[in-house]
Amino acid sequence: MTETKPPRPGFFSLASELLALPKVFVAPLRSADPVEPFANGKTALVIPGMLSNNAATALLIANLRQAGFDAHGWENGLNTKVTPARITAVEDHVERLSDQAAQKIVLIGWSLGGLYARLLAHRLPHHIDLAMTLGSPFSGDSRANNAWRLYEAMNDHSVDNPPFEEDLSDKPPVRTLAIWSSRDGVIHPECTAGTPEQSDLRIELPYKHLELATSRRAIREVVGILREEMRDGAPSALALAQLPVLTDEEIARRLPVWSVLSDTFLDTELDEHHYFRIAEMITEAGYTKEELETIYRCEVEPAFSFNLLNPAGEWAGWPEEFVLERVLASRKTPETQARPRVIMHDHIKSEWVKISRALDAL
């Protein structure tokens, strides 16, 4: 059977990207969002997309610095040609930043910049902690996009014969995140999302290709994803042991929150409308977003993660009586819940990003 290749995005999708161009041009003039710092000086390198430079990613860099990163742009001007010399220059930059920080760094690559990020993650895993791509065509047909002709016009090689041997569709030996969008008007979404085995985590954001590194809302979500990445996947024994003792009144207040959040552990895929319903219901309880995250991580997740490990897991939901019994039993034995749950690590991160995004949209 002949494999069907995905088409490149159509004309109207590409034309809609023009609406995002002002965000690219004014990025250096925009101020960062206020955010509580969490990165503790972690070094991050942002690599721009094709025909863009550090000015285009200035708002992203500013927001990363506001979040506590020691964020840098690359040192190669306009991103046009991909040559062995330029690859070496970016490698040297990564090594220098990592050596200066005395720790591994974070790479964030937008579009073509994400291909650099994956390449560097293959070559320099001892210098890189995390590689995040924003709408980068690392998977599938290299011509399923509206940029390949322009790329070939600027370079002395075809998109199928780049000046390196690594296969960028292979997952690098570091933590790898693929941020993609079904609204991408430049690159087919299948090529930017890849397959599950090609990245550790794939997250869809509802923005145009040119917005992924320039839109204030998109950047806010990218920073939120990085916040999740720098958080331990499982609650610590100390955090679980310090959960407050609940009165009957507080249990009654929490129960609808526990119940609706438990839906994220059903053996079925939730759609965007379901996450908005979850957000609306938990908002009614009157907790802050930080309190809701603690409830989700330290009370609901330990009680219901079992369902995703069951080959025949529950998919229709649990009655409130069962939810109450599970959560209260889990809270009584925090030492057993603090075991590392590697299998759940990505699920929790991904689900809370979706819930958090829905909360922000209310």
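The coordinates are above.
In this text the structure is predicted, and so the values were computed from the model without any measurement.

Within the open sheet, the 6 strands sit side by side as E2-E1-E3-E4-E5-E6. Their pairing is parallel. The sheet terminates laterally at strand E2 (70-73) and strand E6 (201-204), the two strands that pair on one side only. Ignoring which end each strand starts from, the neighbouring axes of this sheet average 20 degrees apart. As defined by bridge partners, strand E5 (residues 175-180) adjoins E6 across 4 bridges and the pair is classed as parallel. Paired with Trp180 across the two strands is Glu204, which belongs to E6.

Below, the discussion takes up the pairing of strand E4 (residues 128-134). In terms of burial, E4 is largely enclosed, as 6 of its 7 residues are buried. Examined bridge by bridge, strand E3 (residues 105-110) and E4 share 6 bridges and lie parallel to one another. What sits directly across from Ile108, in E4, is Met132. Crossover connection from E3 via helix H5 (residues 112-123) to parallel E4: handedness right-handed. With 5 bridges connecting them, E4 and E5 associate as parallel partners. The partner of Leu130 across the bridge, within E5, is Arg175. Where the polypeptide runs from E4 across helix H6 (residues 148-154) and back to E5, its parallel neighbour, the crossover connection is right-handed.

We now examine the nonpolar core. Within the largest apolar cluster, 37 residues are counted, with the highest numbers of intra-cluster contacts made by Leu60, Leu64, Phe69, Ile108, Met132, Leu134 and Leu226. For this core, the secondary structure elements donating two or more residues are strand E1 (43-47), helix H3 (58-66), E3, E4, E5, E6 and helix H8 (216-229). Setting aside chain neighbours within four positions, we find Ile108 in contact with Leu45, Val46, Ile47, Leu60, Leu64, Met132, Leu134 and Leu226. Counting 30 residues, the second largest nonpolar core, distinct from the first, contains Leu255, Val260, Leu266 and Leu292.

Attention now goes to the side chain of Asp33. Turning to its location among the elements, Asp33 is positioned in the loop between helix H2 (21-25) and E1. Here Asp33 is in contact with Asn63, Gln66, Arg216 and Arg220, once residues within four sequence places are set aside.

Our next topic: the environment of Leu14. With respect to the helices, strands and loops of the structure, Leu14 is situated in helix H1 (residues 11-16). Sequence separation between Leu14 and His209 is 195 residues; the distance between their C-alpha atoms is 9.2 Å. If near-sequence neighbours (up to four positions away) are discounted, Leu14 is found in contact with Asn146, Gly185 and Val186.

Examined against the element boundaries, Glu211 turns out to sit in the loop between E6 and H8. Assessed through its relative accessible area of 6%, Glu211 is described here as buried. For Glu211, the contacting residues outside a window of four places in its chain are Ala20, Lys23 and Ala218.

Once that is clear, we can look at the pattern of salt bridges. In total, this model carries 19 salt bridges according to the counting rule given. Note that Glu166 and Arg123 form a salt bridge whose closest N and O atoms lie 3.0 Å from each other. With Glu166 in the loop between H6 and E5 and Arg123 in helix H5, this pair connects stretches of sequence that are 43 residues apart. Looking at Glu166, the relative accessible area reads 26%, which means it is partly exposed. Arg123 sits in the partly exposed class, given a relative accessible area of 29%. Put simply, Asp263 and Arg277 hold a salt bridge, and the shortest N to O gap is 3.2 Å. Residue Asp263 is found in the loop between helix H10 (248-261) and helix H11 (272-283), and its partner Arg277 is found in helix H11; the two are separated by 14 residues along the sequence. The exposure class of Asp263 is buried, given its relative accessible area of 12%. Judged by relative accessible area, Arg277 falls into the partly exposed class, the value being 35%. When salt bridges that share partners are traced, they join Glu250, Arg253, Arg254 and Glu299 into one network.

This brings us to the packing of H10 against H11. Remark: H10 packs on H11, axes separated minimally by 9 Å, with the N-to-C direction vectors making an angle of 170 degrees. The angle between H10 and H11 falls in the class roughly antiparallel. Between H10 and H11, the residues in contact are Val257, Val260 and Leu261 and Arg277, Ile278, Met281 and Ile282, respectively. Per-class residue counts for the contact of H10 with H11 are 6 nonpolar, no polar and 1 charged.

Rules and cut-offs
Residues numbered from 1 in each chain as written. Predicted model: local features only at pLDDT ≥ 70, side-chain atom pairs only at ≥ 80, totals over all residues. Heavy atoms only, no water. Pairing = 2+ DSSP bridges. Helix = DSSP H or I, 4+ residues; strand = E, 2+ residues; numbered from the N terminus. Axes fitted to C-alpha atoms, helices over the stretch in contact; angles between N-to-C directions. Buried < 20%, exposed > 50% of the residue type's maximum accessible area, 1.4 Å probe, protein only. Right-handed = clockwise from strand over helix to strand, strands pointing away. Core = buried A, V, L, I, M, F, W, Y, C linked by side-chain atoms within 4.5 Å. Contact = heavy atoms within 4.5 Å. Salt bridge = Lys/Arg side-chain N within 4 Å of Asp/Glu carboxyl O. Parallel < 35°, antiparallel > 145°, perpendicular 65-115°, else oblique. Nonpolar A, V, L, I, M, F, W, Y, C, P; charged D, E, K, R; others polar.

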